[in-house]
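# Results of the structural survey
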Amino acid sequence: GLILLTGWSAGQANQLADILGSPLLGSWAVSAQTSGICIAVLILFILFGGIKRIGNVSEKMVPFMFLLYTSASIWVILANYQQLPAIFDLILRTAFSREALVGGIAVGGLQQALRWGIFKGVQSNEAGVGTATIPHSMAETHSPTQQGMLAMASIYSGGFICILSGLVVLLTGTWEDSRISLGINVITQSFAAYFSYIGIIIVVISSFLFAFGTILGNSYNGSQCFTYLTQNRWLKLYYLVIALSIFYGSISDVRFIW
């Protein structure tokens with residue numbers, strides 16, 4: 001857990017630096033070095049404040065980013081609600097078509113589909129990894145059952161965001177443009193088509209908060225693994241290692257990080 005979460009924070013920092021340095025931001029784009037330093041300093045400041053400061057930051061950040069992103073996505077979906085039956089038909093028809101099955105078997109697609117499905121599932125909600133148990137076990141609650149239900153609800157909320165993102169991309173048709181790379185760029189183009197430059201800002205703010213929240217959570221979870229191994233010693237040293245990994249992750253090639 002200690003090694004996994006340190007590397008995971010570096011990977012998220014890399015994505016965050018890529019978002020903040022996007023050419024779509026024009027003169028507002030930030031260099032990877034600047035992003036790395038700012039993110040590392042902010043994370044250190046929050047971590048040194050302990051679980052109370054982490055909780056205070058998260059309880060303000062998470063609802064805002066969730067409402068911002070889902071509201072924008074639902075607006076785009078409602079603006080194209082007439083196309084929804086055709087889109088669901090497209091999803092089901094292409095997923096279970098003879099061509100997809102034959103092509104998948106011919107090029108080892110079943111294995112790749114399984115690999116990417118598990119990978120994206122783990123990345124979006126941590127289901128099955130075990131790391132989510134750390135913050136939930138630290139919660140101050142009178143009902144462990146309600147805390148467990150909250151833990152399960154978080155997985156479905158992450159899935160809900162993924163469904164909205166997929167529908168937005170399909171409804172706006174940006175997935176058919178081969179010039180746009182799949183990932184955050186295709187979402188950005190979809191939002192820009194409906195909200196102009198504000199759409200880009202929405203994606204940047206949402207992505208920043210999602211990635212920053214993940215880095216913060218991973219760093220805290222990793223620190224708990226570290227203190228378990230060291231019997232609550234040298235925690236500040238671990239925080240410094242986290243800060244260095246965040247900075248290094250920001251300026252490194254994404255393939256090297258993974």
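The preceding data block contains the structure.
Residues numbered from 1 in each chain as written. Predicted model: local features only at pLDDT ≥ 70, side-chain atom pairs only at ≥ 80, totals over all residues. Heavy atoms only, no water.

Structurally, the position occupied by Q147 is in helix α8 (residues 144–172). Owing to a relative accessible area of 16%, Q147 belongs among the buried residues under this scheme. (Helix = DSSP H or I, 4+ residues; strand = E, 2+ residues; numbered from the N terminus. Buried < 20%, exposed > 50% of the residue type's maximum accessible area, 1.4 Å probe, protein only.)

Once that is clear, we can look at the packing of α8 against helix α9 (residues 184–195). With their axes 9 Å apart at the nearest point, α8 and α9 run at an angle of 60° to one another. If you check the angle between α8 and α9, you find them oblique. Crossing of α8 over α9 shows left-handed handedness. Packed against α8, whose contacting residues are S165, V168, V169 and T172, the element α9 presents V186, I187, S190, F191 and Y194 at the interface. (Axes fitted to C-alpha atoms, helices over the stretch in contact; angles between N-to-C directions. Parallel < 35°, antiparallel > 145°, perpendicular 65-115°, else oblique. Left-handed = near helix turned anticlockwise from the far one by under 90°. Contact = heavy atoms within 4.5 Å.)

Turning next to a nonpolar patch on the surface. Residues W28, F64, Y197, I201 and I205 make up a contiguous nonpolar surface patch of roughly 540 Å² in combined accessible area. When residues of the nonpolar patch are assigned to their parent elements, the largest contribution, three residues, is made by helix α10 (residues 197–230). Along the chain, W28 falls in the loop between α1 (2–20) and α2 (32–48). Overall, the relative accessible area of 68% leaves W28 in the exposed class. (Patch = residues over 30% accessible without salt bridge, like charges linked within 9 Å, V, L, I, M, F, W, Y side chains within 5 Å. Areas by Shrake-Rupley, 256 points an atom, 1.4 Å probe, with all protein chains shown as cover. Salt bridge = Lys/Arg side-chain N within 4 Å of Asp/Glu carboxyl O.)

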